[in-house]
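As a plain string of letters, each chain reads:
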Amino acid sequence: MISNAERRELAGHPLHVADPRVRTITVADLYDALWRGYEDFKAQPSHILFVALIYPIAGVLLAQLTVSYNIFPLLFPLVAGFALLGPFAAIGLYEISRRRERGMNSSWGHAFALFRSRSIGTIAALGAILTGLFLSWLIVAWVLYRWLLGDAPLTSIEAFMTDVLTTVNGWTLIVAGNALGALFAITAFSISVISFPLIIDKHVDLATAIRTSISAVEANPRVMLIWGLMVTGLLVLGCLPVLVGLIIVMPILGHATWHLYRKVVEK
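Remember, predicted model here, so these are calculated numbers, not experimental data.

Asker: In this structure, what is going on with the overall build of the protein? I would like to understand it.
Answerer: Of the regular secondary structure elements, the protein holds 13 helices and zero strands. Looking at the protein as a whole, 46% of its 267 residues are labelled buried. The long-range fraction of contacts in the protein, counting pairs at least 24 apart against all pairs at least 6 apart in sequence, stands at 79%. Surface summary for the protein: the accessible area is close to 13,300 Å², and the carbon and sulfur share equals 70%.

Asker: Explanation requested: the pattern of salt bridges in the structure shown.
Answerer: Close approach of charged atoms allows side chains of opposite charge to pair. For the structure shown, the criterion picks out 11 salt bridges. Lys 263 serves as the salt-bridge partner of Asp 29, at 3.9 Å between the closest nitrogen and oxygen. Separated by 234 residues along the polypeptide, Asp 29 in helix H2 (residues 27-43) and Lys 263 in helix H13 (residues 246-264) bring together distant segments of the chain. One network of salt bridges, with partners in common, ties together Asp 29, Asp 32, Arg 36 and Lys 263.

Asker: Help me understand H13 in this model?
Answerer: Residues three or four positions apart in an α-helix share a direction because the helix packs 3.6 residues into each turn. Its 19 residues give H13 an end-to-end C-alpha distance of 25 Å, which sits within 8% of 27 Å, the value for a rise of 1.5 Å per residue. Counted residue by residue, H13 has 17 buried out of 19 residues, so it is predominantly covered.

Asker: Just checking my understanding: could you explain the packing of aromatic side chains for this structure?
Answerer: For any pair of aromatic rings, geometry is given as the distance between the ring centres together with the angle between the planes. All chains considered together, the criterion is met by six aromatic pairs. Ring centres of Trp 142 and Tyr 145 lie 5.6 Å apart, and the angle between their planes is 35°; on these two criteria the pair is classed as tilted. Taken together, the positions of Trp 142 and Tyr 145, both in helix H7 (residues 120-149) and three residues apart, correspond to about one turn of that helix. Using a relative accessible area of 27% as the deciding quantity, one classes Trp 142 as partly exposed. Among the residues examined, Tyr 145 registers a relative accessible area of 9% and is labelled buried. Three or more aromatic residues joined by ring pairs make a cluster, and in this case those are Trp 142, Tyr 145 and Phe 160.

Asker: What should I look at first to understand the nonpolar core in this one?
Answerer: Within soluble globular proteins, side chains that are nonpolar generally end up buried alongside one another. Membership of the largest hydrophobic core comes to 54 residues, with the highest contact counts inside it found for Trp 227 and Leu 260. Listed by contribution, the elements that provide at least two residues to this core are H2, helix H6 (91-101), H7, helix H9 (168-192), helix H10 (195-202), helix H11 (206-219), helix H12 (221-238) and H13. For this core, the element with the highest residue contribution is H13, accounting for 10 residues. Apart from residues no more than four positions distant in its own chain, Leu 260 is found in contact with Ile 25, Leu 30, Ala 33, Val 193 and Trp 227. Formed by eight residues, the second largest nonpolar core is a distinct cluster that contains Tyr 145, Leu 154, Phe 160 and Val 164.

Asker: Is there a simple way to think about the packing of H10 against H13 in this case?
Answerer: A pair of packed helices is captured by two measures, namely the crossing angle of their axes and the spacing between those axes. Direction vectors running N to C along H10 and H13 enclose 75°, while the axes themselves pass 9 Å from each other. Here H10 is positioned roughly perpendicular relative to H13, judged by the angle of their axes. Contact residues: Pro 197, Leu 198, Asp 201 and Lys 202 in H10; Thr 257, Trp 258, Tyr 261 and Arg 262 in H13. Its residues placed into classes, the contact of H10 with H13 shows four nonpolar, one polar and three charged.

Asker: Help me out: how do you make sense of the environment of Gly 132 in this one?
Answerer: Along the polypeptide, Gly 132 turns up in helix H7. Given the relative accessible area of 28%, Gly 132 is considered partly exposed. Spatially, the C-alpha atom of Gly 132 lies 9.9 Å from that of Leu 84, the residues being 48 residues apart in sequence.

Asker: Before we go on, may I ask you to explain a nonpolar patch on the surface in this structure?
Answerer: On the surface, Ile 157, Met 161 and Leu 165 cluster together to form a nonpolar patch covering roughly 240 Å² of accessible area. Mapped onto the secondary structure, Ile 157 falls in helix H8 (residues 157-166).

Asker: Just checking my understanding: could you explain the confidence of the model for the protein for this structure?
Answerer: Reading fine detail from the predicted coordinates is not recommended where pLDDT is low. Residues at a pLDDT of 70 or more form 80% of the protein, whose mean pLDDT is 83. Of all helices and strands in the protein, the one with the weakest mean pLDDT is helix H1 (residues 4-11) (46), whereas H11 scores best (96).

What counts as what
Residues numbered from 1 in each chain as written. Predicted model: local features only at pLDDT ≥ 70, side-chain atom pairs only at ≥ 80, totals over all residues. Heavy atoms only, no water. Helix = DSSP H or I, 4+ residues; strand = E, 2+ residues; numbered from the N terminus. Buried < 20%, exposed > 50% of the residue type's maximum accessible area, 1.4 Å probe, protein only. Contact = heavy atoms within 4.5 Å. Areas by Shrake-Rupley, 256 points an atom, 1.4 Å probe, with all protein chains shown as cover. Salt bridge = Lys/Arg side-chain N within 4 Å of Asp/Glu carboxyl O. Expected span 1.5 Å × (residues − 1). Phe/Tyr/Trp six-rings, centres within 6.5 Å; stacked < 30°, edge-to-face > 60°. Core = buried A, V, L, I, M, F, W, Y, C linked by side-chain atoms within 4.5 Å. Axes fitted to C-alpha atoms, helices over the stretch in contact; angles between N-to-C directions. Parallel < 35°, antiparallel > 145°, perpendicular 65-115°, else oblique. Nonpolar A, V, L, I, M, F, W, Y, C, P; charged D, E, K, R; others polar. Patch = residues over 30% accessible without salt bridge, like charges linked within 9 Å, V, L, I, M, F, W, Y side chains within 5 Å. pLDDT = per-residue confidence, 0-100.

This is the structure:
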């Protein structure tokens, strides 16, 4: 049962007129956020059944799709670009951390309370933006591949790897693809690093959430760069073997993002 106080909280608060103020943080704050995320994960691990499993299962299905339909060249862009959707996939984790922080019931079922929040439209809109970036990245990656390596049918994975690793066009594909991928990743990171927690916590509008997230990056460029590298490294580790490690990595990063938000944005 949901108490009257919780119903009032789910109903939301008036939108903030002024953008939330951001703080300057240190690398030590990143490690503390990760530790707090780990503590949240230990305290309430049952939510992986409906949140964390989505990520590796979807990743495996996408990988299988690329092989089944002979579009193997999109496998790496799919797996790498799927991280762009990570902040959106973790919205339930932010809610669990928020409730645990306030001493409220934080069982996994309460993550669905977000669907009754007045901010669900804003959350969906930001999720749509990230999805658009993900799809745009796939289109760019496919066009780049077709331009550099031609439209000849893929005869085998070995032939594809030979073309990529032993030809000038293949190396150009690697360099240009990673450079363009980095631009998409930086864009997604900048607009979403603390946007979803901010929307959930303060019920701000989409523009305010994005501006505040970008301001947080601008105020802490070095620390946010390190955070992005830490997230990337942990996601890479989580992809081994066959994305199964994401079952643990994703929840910890999701919870840690909430605590990072708490450190960056003034209450």
